[in-house]
Amino acid sequence: RLVRHPAVKRVYYPGLTSDPGHAIACRQMGGGFGGIVSIVVRGGADAAQKVVEACQVWVPATSLGGVESLIERRARWAGEVADPALLRLSVGLEDVEDLWRDLDQALRRAVERL
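Quantities reported herein were computed from a predicted structural model and do not represent experimental measurements.

**Description of the overall build of the chain**
Line of reasoning, step 1. When helices and strands are tallied, the chain shows three helices and five strands.
Line of reasoning, step 2. When the helices and strands of the chain are read in sequence order from the N terminus, they spell out β-α-β-α-β-β-β-α.
Line of reasoning, step 3. For 114 residues, the compact-globule estimate of 2.2 N^0.38 gives 13 Å, and the chain sits close to it at 14 Å.
Line of reasoning, step 4. Dimensions of the chain, computed from the C-alpha atoms along their principal axes, are close to 40 × 30 × 25 Å.
Line of reasoning, step 5. For the chain, the residues scored as buried account for 38% of the 114 residues in total.
Line of reasoning, step 6. The long-range share in the chain, meaning contacts at least 24 apart out of those at least 6 apart in sequence, stands at 61%.
Line of reasoning, step 7. Entry remark: accessible area of the chain is about 6600 Å², with carbon and sulfur atoms responsible for 54%.

See below:
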């Protein structure tokens, strides 16, 4: 769903066959690709920050956290080299549909404001 979302420019996840590291991940990870996904939001840093602020289920944090789903915008400080529109998502134990609805509404809000 993230790959097709109009507010998402790029998805980084080794479980996607389109990911450059997919073949290596298949060999090394035995089919389980983990719960970390990164996305680049269309509209740059401002749009990415609006996504973080609009989320209600995802918790903003600079950690991989515990069991709750976390969202973090990278490159917030001078000297960081990540794309300023990059969001890192650490998927927790919440219902997948609750997580999707929350992220979808946040992404849509961010793009509407552009």
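**Here we look at the packing of aromatic side chains**
Remark: the centre distance and the inter-plane angle together describe each pair of aromatic rings, the angle taken between the planes.
Line of reasoning, step 1. Tallied over the entire structure, the rule returns one aromatic pair.
Line of reasoning, step 2. Geometrically, the ring pair formed by Tyr13 and Phe33 is edge-to-face, given 6.3 Å between the ring centres and 70° between the ring planes. Highlighted residues: Tyr13 in the loop between β1 (8–12) and α1 (22–29) and Phe33 in the loop between α1 and β2 (36–41), separated in sequence by 20 residues.
Line of reasoning, step 3. Accessibility expressed as a relative area gives 16% for Phe33, which makes it buried.

**Here's the deal with the pattern of salt bridges**
Two side chains carrying opposite charge are able to pair once their charged atoms lie near each other.
Line of reasoning, step 1. Taken as a whole and assessed by the stated rule, the structure comprises five salt bridges.
Line of reasoning, step 2. Between Arg74 and Glu72 there is a salt bridge, and its shortest N-O distance comes to 2.8 Å.
Line of reasoning, step 3. With relative accessibility at 3%, the residue Glu72 sits in the buried group.
Line of reasoning, step 4. Between Arg88 and Glu72 there is a salt bridge, and its shortest N-O distance comes to 2.6 Å. Residue Arg88 is located in strand β5 (residues 86–90), and its partner Glu72 is located in strand β4 (residues 70–73); the two are separated by 16 residues in the primary sequence.
Line of reasoning, step 5. Because the salt bridges share partners, they merge into one network encompassing Glu72, Arg74 and Arg88.

**What about the sheet that holds β1?**
Note on sheets: strands pair through backbone hydrogen bonds, and any given pair is parallel or antiparallel.
Line of reasoning, step 1. Spatially, β1-β2-β5-β4-β3 is the arrangement adopted by the five strands of the open sheet, whose pairing is mixed. Two strands in the sheet have a free side with no partner beyond their single neighbour: β1 and β3 (59–60).
Line of reasoning, step 2. Note that β4 and β5 share four bridges and pair antiparallel. Residue pairing across strands places Leu70 opposite Ser90, the latter belonging to β5.

**Comments concerning the confidence of the model for the chain**
Line of reasoning, step 1. On average, residues of the chain score 92 in pLDDT, and 97% of them are at 70 or above.
Line of reasoning, step 2. Confidence, read as mean pLDDT per element, is least for α1 in the chain (93) and greatest for β1 (97).

Definitions and limits used
- Residues numbered from 1 in each chain as written.
- Predicted model: local features only at pLDDT ≥ 70, side-chain atom pairs only at ≥ 80, totals over all residues.
- Heavy atoms only, no water.
- Helix = DSSP H or I, 4+ residues; strand = E, 2+ residues; numbered from the N terminus.
- Rg over C-alpha atoms; globule rule 2.2 N^0.38 Å.
- Buried < 20%, exposed > 50% of the residue type's maximum accessible area, 1.4 Å probe, protein only.
- Contact = heavy atoms within 4.5 Å.
- Areas by Shrake-Rupley, 256 points an atom, 1.4 Å probe, with all protein chains shown as cover.
- Phe/Tyr/Trp six-rings, centres within 6.5 Å; stacked < 30°, edge-to-face > 60°.
- Salt bridge = Lys/Arg side-chain N within 4 Å of Asp/Glu carboxyl O.
- Pairing = 2+ DSSP bridges.
- pLDDT = per-residue confidence, 0-100.

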